[in-house]
Amino acid sequence: MTAKTADGKEVYNTERHYHTQATDCRTNKMLYGAQVKTQYIRDTALQPFETKDESFEIFLPAGVRTVDVTVSLRYEINKPANFIEIAKVTRKVSLD
Amino acid sequence: MKFLKPFFVVLLVMIPISAFAEKAKTIEELAAMYDSSRCKECHAEIYARWENSHHARSLMGVQDGLMMTPLAMKGRTPFSPDDPGKATLDTFPCFKCHLPQALVSADDAFAVDYANALLAQDKTRVSKLRITCIVCHNTKAIIHKLSEGQPEADVLYGSKDVASHDDEFFKKIKKGSIMDHAIMCGQCHGLGPNLEFENPVQCATLYGSYEHNYISKGGMQSCQECHMQKVDGFADHLIAPNWNDLDGTKKILQDTISMDVQTVGMDWLLKSKDLKPLVVVNTKINQNAGHRIPDG
């Protein structure tokens, strides 16, 4: 999710990641790859019959009263640059 | 001998699994033993859908990544041999699901051939190994082996009995007990860590998610009801998603996952005379699948 001023300056940028996270239980390093993973230690994936709620608070810099907020929901395939964009919402939000 | 070569090739393709006393020692031998290409003569629609499925390229990974390559590379995984010539079937725990026929119809020489093909990144050869019609409709069709016995060599298992099946080797169809049950898929789209190996591995956990986080919340559909809905009158053997079809997969994801976004701008009075300009963005993401997303 990003928030940008009218002239395109980014004033906020954050991400949430929804997926299982596993280690080999021998260290605390997260691993990808079935042949080395042993156990999930955390699961932030989207679950059936559950809503994933988030609330983001964006404190604007001095002088900024309006931003374009863009929320992009993506399914990453193997690496961040390779993704399917499921939904993209852009809103102009003003304090005035 | 030169004129005999075509004869050997044809013979290999036409011989059924049961006729092989010897175990497959090469990629081509195992591929031929489980070749299902003749199925399309009568089941063209189903075969065409299957050919685009991940089952038809079960060793190629998502978007053709040859995901088992690290297993053949020295030092890359606990299973990796020092030399590809020392590979055995145990080198590749992924065969359990990605190539189950290897465990019943191939020997360690096959594993050596496969390891070398991986190191050479020989996608042409590796792609010959597939979860074919025979694998699901015979090899993996029976799980109650103490009650029902092993899959019969000349029988395919489906959703109904067919007394006579017009095929040279699989002469009849029997109704399989689990063919329309989620556990048919759950055999491979797994529960969690596979602890039977010398080192545990953890791949797909879809069925565990289905059992413990979908059924437990009142979900009642099977995998097949969503992923094998009828297309032109036939159960869809594409078993989507197909990650090589980004547009088709995008549509599935959009049908499955929804996002609501609410925004508000305000001057937040955090303390007296100290207004802070604030934008609040609330998001709600829902999904209607019978399992966690992502999983496999």
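In every chain, residue numbers begin from 1 and rise along the written sequence. Chain A is the first chain written and ligand 1 is the first ligand written, with later ones labelled in order. A pLDDT threshold of at least 70 governs which residues receive local features in this predicted model, and a stricter bar of 80 or more applies before side-chain atom pairs are shown or counted, although totals over entire chains, interfaces and linings include all residues. Hydrogens are left out, water is left out, and the side-chain values use all remaining heavy atoms of the structure.

J.: For this particular structure, what's the right way to read the overall build of chain B?
T.: Put simply, DSSP marks the helices as runs of H or I at least four residues long and the strands as runs of E at least two long, and each gets a number from the N terminus on. Helix and strand counts for chain B stand at 14 helices and six strands. Each principal axis of the C-alpha atoms in chain B carries an extent, and together these give about 95 × 50 × 40 Å. Here, two residues are considered to be in contact whenever any of their heavy atoms come within 4.5 Å of each other. Summarising the internal contacts of chain B: among those between residues at least 6 apart in sequence, 52% fall at separations of at least 24. Here the Shrake-Rupley method, with its probe set to 1.4 Å, supplies the accessible areas, and only the displayed protein chains count as covering residues. A total accessible area of about 15,700 Å² is found for chain B, and carbon and sulfur atoms account for 57% of it. Averaging the locations of the 32 positively and 36 negatively charged side chains of chain B gives two centres separated by 4 Å. For the charge count, each Lys or Arg is scored as positive and each Asp or Glu as negative, with His and the chain ends excluded. Charge coordinates come from a single atom per side chain, which is NZ of Lys, CZ of Arg, CG of Asp or CD of Glu.

J.: Whenever I open this one, the environment of A:Phe56 confuses me. Can you help?
T.: The topology assignment puts A:Phe56 in strand β5 (residues 51-59). When the C-alpha atoms of A:Phe56 and A:His17 are compared, they prove to be 14 Å apart, with 39 residues separating the residues in sequence. What A:Phe56 contacts, discounting residues up to four positions off in sequence, is A:Met1, A:Tyr12, A:Thr14, A:Arg16, B:Val279, B:Val280, B:Val281, B:Asn282 and B:Thr283.

J.: Would you explain the interface of chain B and chain A in this entry?
T.: Where interface size is quoted, it is often the accessible area lost as the parts come together. Contacts between the two partners involve 55 residues from chain B and, on the opposite side, 47 residues from chain A. Approximately 4,500 Å² of surface area, both sides summed, lies buried where chain B meets chain A, with 61% of it carried by carbon and sulfur atoms. Put simply, buried area is how much 1.4 Å-probe accessible surface two parts lose in total, over both of them, once they are put together. On the chain B side of the contact with chain A, B:Gln202, B:Val279 and B:Ile285 bury the most area, a combined 15% of that side's loss. Salt bridges are counted wherever a side-chain nitrogen of Lys or Arg sits within 4 Å of a carboxyl oxygen of Asp or Glu. At the boundary of chain B with chain A, the tally comes to four salt bridges. As a salt-bridge pair, B:Lys217 and A:Glu50 come within 2.6 Å of each other at their nearest N and O atoms. Nitrogen and oxygen atoms within 3.5 Å of one another constitute a polar contact, given that in protein one can donate a hydrogen and the other can accept it, and given that sequence-neighbouring residues count only through two side-chain atoms. Counting every contact that joins chain B to chain A gives 23 residue pairs in polar contact (both at pLDDT 80 or more). Counting only elements with at least two residues in the side of chain B that touches chain A, the list comes to α4 (69-72), α12 (206-213), α14 (246-256), β5 (257-271) and β6 (274-287) of chain B. Here the element with the most residues in the side of chain B that touches chain A is β6(B); it accounts for 12 residues. Amino acids are sorted into nonpolar (Ala, Val, Leu, Ile, Met, Phe, Trp, Tyr, Cys and Pro), charged (Asp, Glu, Lys and Arg) and polar (every other residue, Gly among them). Along the lines of polarity and charge, the residues of the side of chain B that touches chain A split into 30 nonpolar, 18 polar and seven charged.

J.: What is the right way to read the sheet that holds β6(B) from this model?
T.: Strand pairing in a sheet is mediated by backbone hydrogen bonds. Such pairs are either parallel or antiparallel. Two strands qualify as a pair provided DSSP detects at least 2 bridges between them. Sheet architecture is open: three strands sit in the order β5(A)-β6(B)-β5(B), paired in antiparallel fashion. Among the strands making up the open sheet, the edge pair consists of β5 of chain A together with β5 of chain B. Ignoring strand direction, the axes of neighbouring strands in this sheet form an average angle of 20 degrees. In terms of strand pairing, β5(B) meets β6(B) through 14 bridges, oriented antiparallel. Across the sheet, residue B:Leu269 finds its bridge partner in β6(B), namely B:Leu275. What counts as an axis is a line fitted to C-alpha atoms, over the stretch in contact for a helix, and the angles between N-to-C directions run from 0 to 180 degrees. Packing against the sheet, α14(B) makes contact with β5 and β6 of chain B, and its axis sits at approximately 60 degrees to β5(B).

J.: Looking at this structure, how should I read the nonpolar core?
T.: Ranked by size, the top nonpolar core spans 37 residues in total, and within it B:Leu30, B:Met68, B:Phe92, B:Phe95, B:Phe110, B:Tyr114 and B:Leu129 carry the most contacts. With six residues, the top contributor of residues to this core is helix α7 (residues 108-119) of chain B. What B:Phe95 contacts, discounting residues up to four positions off in sequence, is B:Met68, B:Leu89, B:Pro100, B:Ala102, B:Leu103, B:Phe110 and B:Tyr114. What is meant by a nonpolar core is a set of buried Ala, Val, Leu, Ile, Met, Phe, Trp, Tyr and Cys residues, joined one to another through side-chain atoms within 4.5 Å. Burial classes: relative accessible area under 20% of the type maximum marks a residue as buried, over 50% as exposed, and values in between as partly exposed (1.4 Å probe, protein chains only). Listed in part, the 30 residues of the second largest apolar core include A:Met1, A:Leu73, A:Tyr75 and A:Ile86.

J.: How should the domain arrangement of chain B be read in this particular structure?
T.: Domain limits in this description derive from either an automatic procedure or a database domain assignment. You can read the domains of chain B as domain 1 (7-244) and domain 2 (256-286). Inter-centroid distance (C-alpha atoms) of domain 1 of chain B to domain 2 of chain B is 49 Å.

J.: How should I be thinking about the side chain of B:Ser222 in this particular structure?
T.: Residue and element names in this part refer to chain B. For Ser 222, the position within the fold is in the loop between α12 and α13 (223-227). The exposure class assigned to Ser 222 is buried, which follows from its relative accessible area of 11%. When near neighbours in sequence (up to four residues on either side) are disregarded, Ser 222 contacts Asp 180, Ala 182 and Tyr 210.

J.: Explanation requested: the pattern of salt bridges in the structure shown.
T.: Side chains that differ in charge, positive against negative, can pair when their charged atoms come close. This structure, assessed with the given rule, holds 19 salt bridges over all chains. B:Asp267 is the salt-bridge partner of A:Arg65, the closest N and O atoms lying 2.7 Å from each other. Of this pair, A:Arg65 sits in the loop between β5 and β6 (66-77) while B:Asp267 sits in strand β5, which puts the two residues in different chains. On the basis of relative accessibility, which here comes to 29%, the residue B:Asp267 falls in the partly exposed class. When the shortest N-O distance is used, the salt bridge between B:Arg125 and B:Glu28 registers 2.7 Å. Placement of the pair is B:Arg125 in helix α8 (residues 123-126) and B:Glu28 in helix α2 (residues 27-33), with a sequence separation of 97 residues.

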